[in-house]
Every structure is written in C-alpha cells, then in structure tokens.
Amino acid sequence: MESPPLRHERPKLFCGIYTHNPARDFTRLAALSYGWKCDGFLAFSTVTIPSLGMVGILHRGEEAYKNMVQKTRSIWSYIATHYLDQFDYFHIGGDDMHVIVENMRSLLLEHESEPIDAREEGRIFG
C-alpha cells in the first residue's frame, strides 16, 4: 500500500486564549509576548474589542471558572466555523499562560515527518 504524502511547508498555528473583560491587560500581554508569533491569534472574551483581538463568545451558563467547559465548547465551535480550513494546528488555553511558540513549532515540525493520515483525528502523540 502506498504511503500518504508528507507535508513540506511550515504548519500554520492558531493560538487562542479564553479570558474575560476585566482581564484585558492579560490579553494585551499575551498578544504582545507570544500571540504575534502565531499565524493567527484571538482572545475569546465576554466582549468584542477588535483593537485587542478580543471576540465576545456566548455560551451556556454563567461566566465563571467552574463553567469553562461551556465556554471552551463555544470557542471550539467558533474556531471550527471561522478558521478550520486556514490553519493546521490549534491551541487554546487561559489568559494566565504563556506559550513558547518556537518550541511548539519545533514539536509540530518534528511530527510533520509522520504520514498525514496518522494525524487525521487530531492526535499527534497517539
């Protein structure tokens, strides 16, 4: 059986964070420290502020840490609707994290040598 083709271009990475309006300083810091290194970056918040790259996301339940599952589901839905075909990999996390994009890219490039069908279900480690 013939092996699937390998990718040769740099994988496109979308980075997103979940946040809320009172934490807009964290959003700004994330965008300035590592967000600009990603091929796409958005902060998913309670309000839309285009100048900060913040998109207001509606979700079931209250805006509370204990309800992050619902907010995260809405974020993934938004990403799938608007960006699924534009990026190869997607990463989301809280506004209190920092991503070392160079390390993530290095890891992704390491796995780009795997046949494409090994990652069809979104698993690069499985």
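Quick note: structure is the one above.
All of the points below concern the structure found in this document. (Residues numbered from 1 in each chain as written. Predicted model: local features only at pLDDT ≥ 70, side-chain atom pairs only at ≥ 80, totals over all residues. Heavy atoms only, no water.)

## Structural notes on the pairing of strand E2 (residues 40-45)
Right, so step 1: By the criterion of burial, E2 is predominantly enclosed, with 6 of the 6 residues buried.
Right, so step 2: The two faces of E2 match: Gly40, Leu42 and Phe44 on one face and Phe41, Ala43 and Ser45 on the other face are all buried.
Right, so step 3: Both strand E1 (residues 13-18) and E2 contribute to a ladder of 5 bridges, which runs parallel. Paired with Gly16 across the strands is Leu42, a residue of E2.
Right, so step 4: Between E1 and its parallel partner E2, the chain crosses via helix H1 (residues 24-33), and the hand of that crossover is right-handed.
Right, so step 5: Sheet topology places E2 next to strand E3 (residues 54-56); 3 bridges connect them, and they run parallel. (Buried < 20%, exposed > 50% of the residue type's maximum accessible area, 1.4 Å probe, protein only. Helix = DSSP H or I, 4+ residues; strand = E, 2+ residues; numbered from the N terminus. Pairing = 2+ DSSP bridges. Right-handed = clockwise from strand over helix to strand, strands pointing away.)

## Some points on the sheet that holds strand E4 (residues 89-94)
Right, so step 1: Strand order in the open sheet formed by 4 strands is E3-E2-E1-E4, with parallel pairing between adjacent strands. Bordering the open sheet on either side are E3 and E4, each of which pairs with just one other strand. Mean inter-strand twist for the sheet, computed between neighbouring axes without regard to direction, equals 25°.
Right, so step 2: Each of E1, E2 and E3 touches H1; the most contacted strand, E2, lies at about 170° to it. (Axes fitted to C-alpha atoms, helices over the stretch in contact; angles between N-to-C directions. Contact = heavy atoms within 4.5 Å.)

## So, the state of the cysteines
Right, so step 1: By the definition in use, this model includes 1 disulfide.
Right, so step 2: With a sulfur-sulfur separation of 2.1 Å, Cys15 is cross-linked through a disulfide to Cys38. Sign of the S-S torsion, about -80° for the bond between Cys15 and Cys38, identifies this disulfide as left-handed. Placement of Cys15 in strand E1 and of Cys38 in the loop between H1 and E2 is noted, with a sequence separation of 23 residues between them. (Disulfide = S-S within 2.5 Å.)

## Observations concerning the side chain of Asn67
Right, so step 1: Counting through the fold element by element, Asn67 comes out in the loop between E3 and helix H2 (68-83).
Right, so step 2: One polar contact links the side chain of Asn67 to the main-chain carbonyl oxygen of Arg60, over a distance of 2.7 Å. (Polar contact = N/O pair within 3.5 Å; in protein donor to acceptor, adjacent residues only side chain to side chain.)

## Considerations on the nonpolar core
Right, so step 1: Counting residues in hydrophobic clusters, the biggest one holds 15 residues, and the most contacted among them are Leu13, Ile17, Tyr34, Phe41 and Val101.
Right, so step 2: Of all the elements in the fold, those that place two or more residues in this core are E1, E2 and helix H3 (101-111).
Right, so step 3: Ignoring any residue separated from it by four or fewer positions in sequence, one finds Leu13 in contact with Cys38, Asp39, Gly40, Phe87, Tyr89, Val101, Met104, Arg105 and Leu108.
Right, so step 4: With 9 residues, the next largest nonpolar core counts Phe44, Val55, Ile57 and Ile92 among its residues. (Core = buried A, V, L, I, M, F, W, Y, C linked by side-chain atoms within 4.5 Å.)

## Re the environment of Asp25
Right, so step 1: One can find Asp25 in helix H1.
Right, so step 2: For Asp25, a relative accessible area of 57% corresponds to the exposed category.
Right, so step 3: Asp25 sits 27 residues away from Leu52 along the chain, and the two C-alpha atoms are 9.5 Å apart.

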